[in-house]
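The residues making up each chain are set out below.
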Amino acid sequence: MATRYFMTYEAIRQEEARLQERVRSYPVNGRKTSTGTIKMIRKEIGDMTFRIARKCNVSVNYPRWSIQGKKVVLGEPTILLPTLRYVSFEELKAIEVGYEGGA
């Protein structure tokens, strides 16, 4: 029986989906978005990255998030591993899938 490992990249995508659901209800309108709404979005992103850090022991940052029209676009995350190495999402996925295959 194969053991299913907890994958960090899956947890990150799950949290991103949860964040998009929450932010979808905010009144976002491109450049006309109020500063209060922008602050709420930043707080939601901060809360999400905190949950990921507690759950997975990695630090996730979205340096290129933006508001485009009626959507909040997170962009590609940068991930700081416990070994103090920055990796992209695809690198993290390759590391974890390679680890699972070799285990």
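Residues numbered from 1 in each chain as written. Predicted model: local features only at pLDDT ≥ 70, side-chain atom pairs only at ≥ 80, totals over all residues. Heavy atoms only, no water.

Draft legend 1. Layout of the side chain of threonine 8. Secondary-structure assignment places threonine 8 in helix H1 (residues 8–23). Filtering out sequence-adjacent residues up to four positions away, threonine 8 remains in contact with Cys56, Val58, Leu92 and Glu96. (Helix = DSSP H or I, 4+ residues; strand = E, 2+ residues; numbered from the N terminus. Contact = heavy atoms within 4.5 Å.)

Draft legend 2. Summary view of helix H2 (residues 35–56). For H2, spanning 22 residues, the distance from its first C-alpha to its last is 31 Å, which sits close to the expected 32 Å at 1.5 Å a residue. When H2 is considered as a whole, its buried residues turn out to be Thr37, Ile41, Glu44, Ile45, Met48, Thr49, Ile52 and Cys56. Seen end-on, H2 carries its buried residues on one side only, within an arc spanning 130°. Opposite the buried face of H2, at more than 90 degrees from it, the exposed residues are Thr35, Lys39, Arg42, Lys43, Phe50 and Arg54. Residues of H2 that are buried in the fold lie against H1, strand E1 (59–61), strand E2 (66–68) and strand E3 (71–73). Following H2 by one or two positions, asparagine 57 adopts a phi angle in the positive range, close to 65°. (Expected span 1.5 Å × (residues − 1). Buried < 20%, exposed > 50% of the residue type's maximum accessible area, 1.4 Å probe, protein only. Arc of directions from axis to C-beta.)

Draft legend 3. Quick peek at the nonpolar core. In terms of nonpolar packing, the biggest core is built from 23 residues, with Ile12 and Ile79 touching the most fellow members. Elements with a contribution of two residues or more to this core: H1, H2 and helix H3 (89–102). Those residues in contact with isoleucine 79 that sit more than four places away from it in its chain are Ile12, Val58, Ser59, Val60, Arg85, Tyr86, Val87, Ser88, Phe89 and Leu92. (Core = buried A, V, L, I, M, F, W, Y, C linked by side-chain atoms within 4.5 Å.)

Draft legend 4. Examining the packing of H1 against H2 more closely. With their axes 10 Å apart at the nearest point, H1 and H2 run at an angle of 155° to one another. Compared by their axis directions, H1 and H2 come out roughly antiparallel. For the crossing formed where H1 meets H2, the hand is right-handed. For the pair H1 and H2, contact is made by Thr8, Ala11, Ile12, Glu15, Glu16, Arg18, Leu19, Arg22 and Val23 and by Ile41, Glu44, Ile45, Met48, Arg51, Ile52, Lys55 and Cys56, respectively. Taken together, the residues that form the contact of H1 with H2 break down as nine nonpolar, one polar and seven charged. (Axes fitted to C-alpha atoms, helices over the stretch in contact; angles between N-to-C directions. Parallel < 35°, antiparallel > 145°, perpendicular 65-115°, else oblique. Left-handed = near helix turned anticlockwise from the far one by under 90°. Nonpolar A, V, L, I, M, F, W, Y, C, P; charged D, E, K, R; others polar.)

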